[in-house]
Each structure stands twice: as C-alpha cells, then as structure tokens.
Amino acid sequence: MKYKVSIIIPVYNVELYLEKCLFSLFAQSLGFENLEIILVDDCSTDRSKQIISAYDNVYENIKGVFLNKNSGVAGKPRNVGMEYATSDYLIFLDPDDVLKEDACEILFNKIEDENADIVTGVHSIIDNDDEVIFPGLLINSFTNPLDTWKDRQRDFDNVFRDEMKFSSIKDMEYFLGNFGLSSKIFRRKFIEKHTIKFPEYIPGEDSVFLFNSLINARGIVFLNKIIYVYNNSRNDENNNSLSFQKDLKRNLGRLDAYLIMLNISKEKDMLYPFVQYLLKSKLVYFTNNFLVGNDLSYDEMLEILKKAQPLF
C-alpha cells in the first residue's frame, strides 16, 4: 500500500506518553490507514519496547525498529526512520507530544497543492490549562531580531498573514528563526536530493536539520495553524528530556551543532543571515540556559568557552 505520509518517532523511555502520542495519530482526519508510522526505539529501559511491539503486531502501518546500541539523542533514530520511510512526505514527531486532529490533512494537502519542499504550521503549549501558541515563535519568524521588541511587534503586524509562501529562504531570511520540527512536513525526494540528515550523538540535531532544510528548500509555505501540542510537563529539574541536560558532554555537543550550522552557512553563502537571524539567539539561549547558574567547574567552563570562541 502507498501511504500518504510517513511519521517518524524516536523513542526512549517514554512509556507514560507514547500511547497518547499514538492515539493522536489514530484520530487523524487524513485517515489513520494513510499514515506510515515508524517507531525507532533507542534501547529504552522502561516498557516502551513492549508498547511498540504490541502496536507493531496489530497494525500493518505501524513499524517498530529497535536499535542495538543506545545513541543518546534523537539524531540516529530519526535517520534510521528515514531509511524505512516509503511515502513521499515526512513528519517528525516526538513521542511525548501529540498532533492536532487535522494536522496531517492540512500539511499533506498544502504540500501537494503548492508543490513545496516544506510546509510548516505552528505549535502550542498548555499553559495553566489554556492552549497557547509557543511564545515568541511568530515574531521570531517574521521580524528582524536586531530591532527592539516594540519595533518587531509593529513590523509583525505589517507583514504577517495567515498564509505566507516563499520561493526560497532568501525571500524572508528572518524565517531562519522558525523552530519546531514536529510542526512541519518535508518532501522526501528533496531531503534525499540534498542528503540532509540529522547529526548523530549530539543535542541540537533538530536545529541542524531544520537549518539545512530551510536554506536548500525551493518552496516554503507557512500556515497559521496549530499542528501539534508540545508537552512541557518534563521541563523541570528532574525531567528526562535530553533538551534540558546540562553536563559538560551535552554542552560541548550543542556547540558541535552550532559549528556544523556555521560551516553549512559558509558553504551556502548564508553566513550573514545565519549569524544575524539564528546564531545570535542560539548563543543567548545557550548562555542563559546552560552556562549561567550551571554547576560547572572552572576547567569545564574554560573548555566550553574555548570551543565556543569561533561562534562568538
């Protein structure tokens, strides 16, 4: 059977969230039978493997893949998932998040109609039981980060539309600041043509993939539609999300991701947009969230700053 969309889900110790994620796929208005769901387990130590196997055994369009060695981050599972994908379009979903009921239908229809390489919506979070669009996402995507916040709010009102189309990122270079891997659909032939992959074994792999995709895409469509809901229940001191781990190895890995993007930007003659519209905000985020107040030794801090020097 030819599936309309392949959904790639990296899995590691998410037994409490995984079935809720899968239920959101059962409810898709595009039709569950039109989805190819590829679950790549990164050597989970909880019941995630058993959950994957149970669904794999029942549903023909759910494929469980089990890695032999833990890779530590989602890059390798996502790359493996792409190797198994058979449809023309790819969606990458985290196992602790959920897609809105019409997400696949909206993204699939738009990328087919526009013959684009990437179509993106927005994502939301649950804040005090209210669902809100991720703070700053839209303004970050459509206004100059070098301007004051007041000017950016004014400019946003002037340029923003519920649907926007770009022939390439050069039509709207600020859009390099658009994040949220799971709110996007990608044309698989485009990804394969440019050999775009996730760097493996380092955090920030999704940023590298997104940057590489955006600067190569010929046809980008933005829709002011909520595509998925981000689960922020693990964003605390005890959370297991790799995105928030702050040890020396993780910090050096994040810098590796930024350095990879720096090299790509030079190769593609996109250095200035990368620095102005993406790298600066990445370094502010990195400094505030992973260096300031972190329990790093003097030698560890020095090692991080030396590695980061080319970026600054």
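The structure we're discussing is the one just above.
Read on for an overview of the structure.

Definitions and cut-offs
Residues numbered from 1 in each chain as written. Predicted model: local features only at pLDDT ≥ 70, side-chain atom pairs only at ≥ 80, totals over all residues. Heavy atoms only, no water. Helix = DSSP H or I, 4+ residues; strand = E, 2+ residues; numbered from the N terminus. Rg over C-alpha atoms; globule rule 2.2 N^0.38 Å. Buried < 20%, exposed > 50% of the residue type's maximum accessible area, 1.4 Å probe, protein only. Contact = heavy atoms within 4.5 Å. Areas by Shrake-Rupley, 256 points an atom, 1.4 Å probe, with all protein chains shown as cover. Lys, Arg positive; Asp, Glu negative; His and termini not counted. Charge placed at Lys NZ, Arg CZ, Asp CG, Glu CD. Salt bridge = Lys/Arg side-chain N within 4 Å of Asp/Glu carboxyl O. Polar contact = N/O pair within 3.5 Å; in protein donor to acceptor, adjacent residues only side chain to side chain. Expected span 1.5 Å × (residues − 1). Pairing = 2+ DSSP bridges. Axes fitted to C-alpha atoms, helices over the stretch in contact; angles between N-to-C directions. Parallel < 35°, antiparallel > 145°, perpendicular 65-115°, else oblique. Nonpolar A, V, L, I, M, F, W, Y, C, P; charged D, E, K, R; others polar. Disulfide = S-S within 2.5 Å. Core = buried A, V, L, I, M, F, W, Y, C linked by side-chain atoms within 4.5 Å. Phe/Tyr/Trp six-rings, centres within 6.5 Å; stacked < 30°, edge-to-face > 60°. Lys NZ or Arg CZ within 6 Å of the ring centre and 35° of its normal.

The helix and strand inventory of the chain stands at eleven helices and ten strands. The C-alpha atoms of the chain give 19 Å as radius of gyration, which agrees with the globular expectation for 312 residues (20 Å, within 12%). Each of the three principal axes of the chain carries a C-alpha extent, and together these read 50 × 45 × 40 Å. By the burial criterion, 54% of the 312 residues in the chain qualify as buried. Intrachain contacts of the chain at a sequence separation of at least 6 include 79% that bridge at least 24 residues. Element-wise, carbon and sulfur atoms account for 47% of the exposed surface of the chain, whose accessible area totals about 14,900 Å². Each charge class in the chain was averaged separately, 36 positive and 47 negative side chains, and the resulting centres sit 5 Å apart.

The full count for this structure, using the stated rule, is 13 salt bridges. Across the salt bridge formed by glutamate 131 and lysine 100, the nearest N and O atoms sit 3.2 Å from each other. Residue glutamate 131 is found in strand E7 (residues 130-133), and its partner lysine 100 is found in the loop between strand E5 (98-99) and helix H4 (103-114); the two are separated by 31 residues along the sequence. Residue class for lysine 100 comes out partly exposed when judged on its relative accessible area of 26%.

Within the secondary structure, leucine 296 is located in the loop between helix H10 (271-291) and helix H11 (298-308). In sequence terms leucine 296 and leucine 248 are 48 residues apart; their C-alpha atoms lie 7.5 Å from each other. Leave out the neighbours within four places in its chain, and leucine 296 touches Lys246, Leu248, Asn251, Phe290, Leu291, Met301 and Ile304.

Among the secondary structure elements, aspartate 117 is positioned in the loop between H4 and strand E6 (118-127). With no salt bridge to any partner, buried aspartate 117 finds its closest opposite charge in arginine 187, at an N-O distance of 4.0 Å. Engagement of the side chain of aspartate 117 in a polar contact is seen with the backbone nitrogen of arginine 218, the distance being 2.8 Å. Discounting residues that sit within four places of it in the chain, aspartate 117 has contacts with Ile111, Ile185, Phe186, Arg187, Phe190, Ala217, Arg218 and Gly219.

In this structure, serine 213 sits in helix H8 (residues 205-216). Non-local contacts of serine 213, meaning those with residues more than four positions away in its chain, are made with Ile118, Phe186, Phe190, Ile191 and Ile196.

With 20 residues, helix H9 (residues 248-267) should reach 28 Å at 1.5 Å per residue; the first-to-last C-alpha distance of 29 Å fits that figure. The N-cap residue of H9 is aspartate 247: its side-chain oxygen and the backbone nitrogen of lysine 249 are 3.2 Å apart. Two residues or fewer past H9, aspartate 269 is found with a positive phi of approximately 55°.

Let us look at the pairing of strand E9 (residues 184-187). Moving residue by residue along a regular strand, the side chains alternate between the two faces of the sheet. Side chains of E9 alternate between two faces, with Lys184 and Phe186 and Ile185 and Arg187 buried alike. Judged from the two bridges that link them, strand E4 (residues 89-92) and E9 form a sheet pairing that is antiparallel. The residue bridging leucine 90 from the neighbouring strand is phenylalanine 186, located in E9.

All right, on to the packing of H9 against H10 then. Helix-helix packing is described using two parameters, namely the angle between the two axes and the distance between the axes. Where H9 meets H10, the axes come as close as 10 Å, and the angle between the chain directions of the two elements is 175°. The angle between H9 and H10 falls in the class roughly antiparallel. Contacts from Asn251, Arg254, Leu255, Tyr258, Met261, Leu262, Ser265 and Lys266 in H9 reach Leu271, Phe274, Leu278, Leu279, Lys282, Leu283, Phe286, Phe290 and Leu291 in H10. Split into classes, the residues belonging to the contact of H9 with H10 amount to twelve nonpolar, two polar and three charged.

A separate point is the state of the cysteines. Counted according to the given criterion, the structure contains zero disulfides. With no disulfide of its own, cysteine 21 has cysteine 104 as its nearest cysteine by sulfur position, at a separation of 11 Å. Judged by its relative accessible area of 1%, cysteine 21 is buried.

Among the nonpolar cores identified, the biggest contains 61 residues, and Phe92, Phe142, Phe175 and Phe209 are the most heavily contacted of them. Broken down by element, this core gets its largest block of residues, nine residues, from H9. The contact partners of phenylalanine 142, leaving out residues within four places of it in the chain, are Phe156, Val159, Phe160, Met164, Phe166, Met172, Tyr174, Phe175 and Phe222. If you look at the next biggest cluster of nonpolar residues, it comprises 35 residues, including Leu25, Ile37, Leu93 and Leu99.

This part takes up the packing of aromatic side chains. Overall, the coordinates contain 25 aromatic pairs when judged by the stated rule. Pairing phenylalanine 92 with phenylalanine 198 gives two aromatic rings, centres 5.1 Å apart and planes at 75°, and the pair type is edge-to-face. Of the two residues, phenylalanine 92 sits in strand E4 while phenylalanine 198 sits in the loop between helix H7 (188-193) and H8, which places them 106 residues apart along the sequence. Here phenylalanine 92 and phenylalanine 198 have matching classes, each one buried. We note arginine 254 situated over the ring of phenylalanine 290; from NZ or CZ to the ring centre the distance is 3.8 Å.

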